[in-house]
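Listed below are the residues making up each chain.
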Amino acid sequence: MQYRKLGSSGLDVSSVCLGTMTWGVQNTQEDANQQIEYALSEGVNFIDTAEMYPVPPSESTYAKTEEIIGHWLAQNTTRRKDIVLASKIAGPGIDWIRGGENITPEGVIQALDNSLKRLQTDYIDLYQIHWPNRPIPHFSRQWPGFQDYASVNAEKEKSEMLAILHALDDCVKAGKIRHCGLSDETPWGVNHYLRLSEKYALPRMVSIQNEFSLLKWSDWPFLIENCLNEDVAYLP
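Computed from a predicted model, the values in this text were never measured in an experiment.

S.K.: Please provide a residue-by-residue account of the overall build of the chain, values included.
M.R.: In terms of helices and strands, the chain carries six helices and nine strands. A compact globule built from 236 residues would reach a C-alpha radius of gyration of about 18 Å, and the chain, at 17 Å, matches this within 12%. Principal axes of the C-alpha set define a box for the chain whose edges measure 50 × 40 × 40 Å. Buried positions account for 50% of the 236 residues belonging to the chain. When the accessible area of the chain is evaluated, it comes to approximately 11600 Å², of which 54% is carbon and sulfur surface. Between the mean site of the 21 positive side-chain charges and the mean site of the 31 negative ones, the chain shows a separation of 3 Å.

This is the structure:
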């Protein structure tokens, strides 16, 4: 297994990450246990999940994936230190997750505490914003003319980003998370978070997890160049 630095975090993560977004729908607890054991035996030390999982999302299965991982962690407490565990706070738009409202500082604290309880761990190594409050060109919305960026209140978005960073900072200082990351973001979003972190001495976003495949190339080359030059890990 090859290992790489997770952006500016200093963490060494396997180049293959174990994704879990089907656990709780397609995969049972027993399936998950077997997959975790196999992944670890092959040198994988990076596991990614989210409060929204499993997918397709539904109110009846909400957060089942974190619960499944939590059951494994509770039975393997001595191995927690060997895993880089990543999870995510859901953004707006899903009614059964904090009423579908925007991410707020209070929402960050609530979501994180609930994830820690489900995961049965004291800390999350990488806590990611699953998608931002503003409209984004992801989830099949990247076609020209689909987004009306002129209608977005940029100053409001910047203010919300700063408030989110302050909440994440409180969580880092409390020992609940080690590092912060983004997901389904754009070069503008990444760079503004980086500027805020530098200006106010707040946690730096060390990674971004976006859709990327042979059929979804929209991050190449502009966001990729941005990530390389700013030392932000790109998690496809």
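Let us keep going from here.
S.K.: Requested: an account of empty space enclosed by the protein, with residues and values cited.
M.R.: Any empty space left between atoms is shown by rolling a water-sized probe over those atoms. Scanning the model with the defined rule gives one cavity of 30 Å³ or more in all. The volume enclosed by the largest cavity comes to roughly 60 Å³. For the lining of the largest cavity, the element with the most residues is helix α4 (residues 154–173), which contributes four residues. Broken down by class, the residue content of the lining of the largest cavity amounts to six nonpolar, one polar and four charged.

S.K.: Hey, could you go over the packing of aromatic side chains for me, with residue numbers and the actual values?
M.R.: Within the structure shown, the criterion is met by two aromatic pairs. Both rings, one in Phe212 and one in Trp217, keep their centres 5.6 Å apart while their planes meet at 55°; by these two values the pair is tilted. Relative accessible area serves as the criterion here: at 30%, Phe212 is assigned to the partly exposed category. The structure contains a cluster of three or more aromatic residues connected by ring pairs, namely Phe212, Trp217 and Tyr234.

S.K.: Go over the sheet that holds strand β4 (residues 46–48) with me, naming the residues and quoting the values.
M.R.: Strand order across the open sheet formed by seven strands is β3-β4-β5-β6-β7-β8-β9, with parallel pairing between neighbours. Both edges of this open sheet fall to β3 (18–19) and β9 (233–235), since each of them pairs with a single strand only. Strand direction decides the pairing type here: strand β6 (residues 124–129) and strand β7 (residues 177–183), joined by five bridges, are parallel. Each bridged residue has a counterpart across the sheet, and for Tyr127 the counterpart in β7 is Cys180. Its contacts with the sheet place helix α5 (residues 187–200) against β6, β7 and β8 (205–209), and it is angled at close to 165° to β8.

S.K.: Outline the layout of surface pockets, supporting the account with residue identities and numerical values.
M.R.: Approximately 1100 Å³ is the volume found for the largest pocket. Every residue lining the largest pocket is counted, 44 residues in all, and those nearest its centre are Gln209, Asn210, Glu211, Leu235 and Pro236. Of all elements in the fold, only β1 (3–5), β2 (12–14), β4, α6 (222–230) and β9 reach the threshold of two or more residues within the lining of the largest pocket.

S.K.: Now, about α5: what can you tell me, with residues and values included?
M.R.: Given 3.6 residues per turn, any residue in an α-helix points the same way as the ones three and four places further on. A rise of 1.5 Å per residue sets the reference length of α5, with its 14 residues, at 20 Å; its end C-alpha atoms lie 20 Å apart and thus fit the reference within 8%. Regarding α5, the residues found buried are Gly189, Val190, His192, Tyr193, Leu194, Leu196 and Ser197. Where the residues of α5 are buried, they touch β6, α4, β7, β8 and α6. One or two steps after α5, the chain reaches Ala201, where phi turns positive at roughly 55°.

What counts as what
Residues numbered from 1 in each chain as written. Predicted model: local features only at pLDDT ≥ 70, side-chain atom pairs only at ≥ 80, totals over all residues. Heavy atoms only, no water. Helix = DSSP H or I, 4+ residues; strand = E, 2+ residues; numbered from the N terminus. Rg over C-alpha atoms; globule rule 2.2 N^0.38 Å. Buried < 20%, exposed > 50% of the residue type's maximum accessible area, 1.4 Å probe, protein only. Areas by Shrake-Rupley, 256 points an atom, 1.4 Å probe, with all protein chains shown as cover. Lys, Arg positive; Asp, Glu negative; His and termini not counted. Charge placed at Lys NZ, Arg CZ, Asp CG, Glu CD. 1 Å grid on protein atoms, 1.4 Å probe; cavity = no way out; pocket = protein on both sides within 12 Å on 5 of 7 lines; lining within 4 Å. Points joined across faces, edges and corners; volume = space filled by probe spheres on them. Nonpolar A, V, L, I, M, F, W, Y, C, P; charged D, E, K, R; others polar. Phe/Tyr/Trp six-rings, centres within 6.5 Å; stacked < 30°, edge-to-face > 60°. Pairing = 2+ DSSP bridges. Contact = heavy atoms within 4.5 Å. Axes fitted to C-alpha atoms, helices over the stretch in contact; angles between N-to-C directions. Expected span 1.5 Å × (residues − 1).

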